[in-house]
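So the chains spell out like this:
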Amino acid sequence: MYPSFLEDWWLARASKSLAINDTRGALQALERDAGRLSDLFTTERRTDFGDYTAEARLLLAYGLYYFPQTFVRTGFPLQRIQAHIAGWKDEAARPLRVLDLGAGTGAALLAAVNHLQQLMPDRAIEAHALEPSGASLALLRELTTDLRAHWPDARFVLHQGDMRDEHAIPRGPWDLILASFSLGEAFFGSSAEVVEGWLDGLGRKLADKGLLLVLEPALRETSERLEALRDGLAAGTRWQVLAPCPHAAPCPLRAGGEHWCHEVRRWQPPESLLYLNRHLHRSVETLKYSYLLLAEGSHKRPPMPSRWRLISPLAELKGRFIAAVCAPDGRRYTLEVPTRALKKAGKKELARWERGALLELRNAHPLGDGATLRVQPEDLVRVED
C-alpha cells in the first residue's frame, strides 16, 4: 500500500507551490502537466524525458502521479530480499546502508527504508541518494525533513551527481544498492559490455552479502535489454541472479522471441492519482515492471528446486486453466490446470494470480508433447520467497 502521509505531503506541497489552498483545485491545475508527463514517458518516450525535472510543475505532477507508482513498484521486488538477508543480522551494531542511484525525488529509496524498517525495526538505516537534478534533490530533502517522524531511525544523505561517473558514486560498503528505472535511461545506447563493466564496479562497493536491485519499465524493448543483461551476468562469475528467475540458465523467453519477462501486480492507487488520471485513462490499477535482484557470485545461491514462476496470466478455457511457467530446469512449459472439480471461489482465486507469482507444483504430470504439464488444483500452491 502507498502510505497516506506521502500522498498528503505531495498534495500540500502542490497547494503551497501553486498558491492554491484547495487541494482539489491544485489537482485540477496539474492535470495538463500530468498528461505531458504521461506522454513523455509513453507515446513521446525519449531517453532524457525532456528533462522534466527542470520544470517545477512537472515535478509536482510527477510527485502525485508517478511517485506513488514507483514507490509501490519498488516495494514488490523488495519482498523477495527477506530470504537473502540473514547475514545482515550478524552485524546489527552498525546501520544498514542503502544507496539509490538516479534517485529522482526518492520514491524507491523511501520504499526501501520503509521495507527495511518493517524487516528490522531495531536497526538504524543510512539512506543515500545520488541524483543529477538539484531540483529533485531539493524536493527529496524537503520531504524527508518534513516527514522525519515516519523514519526516526533513518539518516538521509543526498548527493548530486551522475550515476555513470564512478567517482560520483559514494564509497561503500552498501547493503542494498537500488537502480530503480534509472539504469536503462542512464546507459541508453551503451553496449552490454559497458553496462556489465559498470555493474562490476558496483559489485566492489557492496558489503558482504550485499544486494543490488535493478528495476526497469515493462516495455518490450527495456525488458529484453534487461533479459540480455541478465543472461550475460548469469554466465559470468561476478554476479548471481537471485530473482525473479528460479534458475541460472539462459532465459527461455529470449529463445522464443514471442514474449518478454516482466511482472504485473494489482494495487490500490491513491485518490489524487485517480483524479489526475480521470481524462488520461491510463491503466493505473495494475503496475508492470521488469527487475533483477543480484548478489555477488561468491555467495552460493539457495537452491529453488520446487519454485516455478508464472510468466503469463492464467487463462480459463473450457474445463481448465492454461498458463506459461518458467521452470527450475531453465525451460518454459505450458501449465494445464483442470477446473471441473473447482468451485467458483477457487476459479476466481486462480484467475487473480498475476504474472511473476512463484508457484510450487506437486505431482505434475508431463503430457505427450514434453512441453506441457498437467497439475491438479490441489497440487498447485502459490508461495512466497
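Residues numbered from 1 in each chain as written. Predicted model: local features only at pLDDT ≥ 70, side-chain atom pairs only at ≥ 80, totals over all residues. Heavy atoms only, no water.

A look at the overall build of the protein
Tallying secondary structure elements over the protein gives twelve helices and 16 strands in all. On the principal axes, the C-alpha backbone points of the protein span a range of 65 × 45 × 45 Å. Expressed as a percentage of the 385 residues in the protein, the buried residues total 55%. Put simply, 74% of the contacts in the protein that link residues at least 6 apart link residues at least 24 apart. If you sum the accessible surface of the protein, you get close to 17500 Å²; carbon and sulfur atoms cover 50% of it. (Helix = DSSP H or I, 4+ residues; strand = E, 2+ residues; numbered from the N terminus. Buried < 20%, exposed > 50% of the residue type's maximum accessible area, 1.4 Å probe, protein only. Contact = heavy atoms within 4.5 Å. Areas by Shrake-Rupley, 256 points an atom, 1.4 Å probe, with all protein chains shown as cover.)

Some thoughts on helix α1 (residues 4-18)
Between its terminal C-alpha atoms α1 stretches 21 Å, which fits the 21 Å expected from 15 residues at 1.5 Å a residue. Buried within α1 are the following residues: Leu6, Glu7, Trp9, Trp10, Leu11, Arg13, Ala14, Ser15 and Leu18. Contact partners of the buried residues in α1: α2 (23-41), α3 (56-65), α4 (67-78), α5 (107-119), α6 (134-146) and α11 (271-276). After α1 finishes, the residue Ala19 shows a positive phi value of roughly 55°. (Expected span 1.5 Å × (residues − 1).)

Some thoughts on empty space enclosed by the protein
As enumerated under the stated definition, the model contains one cavity of 30 Å³ or more in all. Each pocket or cavity is described by its volume, and for the largest cavity that value is around 140 Å³. Lining the largest cavity are 15 residues; nearest its centre among them are Glu227, Cys245, Cys251, Cys261 and Arg309. The set of elements that each furnish at least two residues to the lining of the largest cavity consists of α9 (220-235) and β8 (286-296). Considering each element in turn, the lining of the largest cavity owes the most residues, four residues, to α9. For the lining of the largest cavity, the per-class residue count stands at nine nonpolar, three polar and three charged. (1 Å grid on protein atoms, 1.4 Å probe; cavity = no way out; pocket = protein on both sides within 12 Å on 5 of 7 lines; lining within 4 Å. Points joined across faces, edges and corners; volume = space filled by probe spheres on them. Nonpolar A, V, L, I, M, F, W, Y, C, P; charged D, E, K, R; others polar.)

A look at the nonpolar core
Ranked by size, the top nonpolar core spans 72 residues in total, and within it Leu6, Phe67, Leu143, Trp151, Leu176 and Leu211 carry the most contacts. When residues of this core are assigned to their parent elements, the largest contribution, eight residues, is made by α5. Sequence-distant contacts of Phe67, defined by excluding residues within four places in its chain, comprise Tyr2, Leu6, Trp10, Tyr62, Thr105, Gly106, Ala107, Leu110 and Leu143. (Core = buried A, V, L, I, M, F, W, Y, C linked by side-chain atoms within 4.5 Å.)

Examining the environment of Pro244
Residue position: Pro244 is located in the loop between β6 (239-243) and α10 (252-256). Residue Pro244 is classed as buried on the basis of its relative accessible area, which comes to 2%. Setting aside residues no more than four positions away along its own chain, Pro244 makes contact with Arg80, Glu263, Tyr291, Leu292 and Arg309.

Brief notes about the environment of Leu158
The residue Leu158 is located in strand β3 (residues 154-160) in this model. In the structure, Leu158 is positioned 152 residues away from Leu6 in sequence and 19 Å away in space, judged by C-alpha atoms. The residues contacting Leu158, other than those within four sequence positions of it, are Ala129, Leu137, Leu140 and Arg141.

Regarding the side chain of Glu360
Inspection of the secondary structure assignment puts Glu360 in strand β13 (residues 358-361). A distance of 3.5 Å separates polar atoms of two side chains, one belonging to Glu360 and the other to Arg362. For Glu360, the contacting residues outside a window of four places in its chain are Ser306, Arg307, Asp379, Leu380, Val381 and Val383. (Polar contact = N/O pair within 3.5 Å; in protein donor to acceptor, adjacent residues only side chain to side chain.)

Some remarks on the pattern of salt bridges
Summed over the entire model, instances satisfying the criterion amount to 24 salt bridges. A salt bridge links Arg97 to Glu126; the nearest nitrogen and oxygen atoms lie 3.1 Å apart. Residue Arg97 is found in strand β1 (residues 96-101), and its partner Glu126 is found in strand β2 (residues 125-131); the two are separated by 29 residues along the sequence. For Arg97, a relative accessible area of 16% translates into the label buried. In this structure, Asp208 engages Lys209 in a salt bridge whose closest nitrogen and oxygen atoms are separated by 3.5 Å. The exposure class of Asp208 is partly exposed, given its relative accessible area of 46%. (Salt bridge = Lys/Arg side-chain N within 4 Å of Asp/Glu carboxyl O.)

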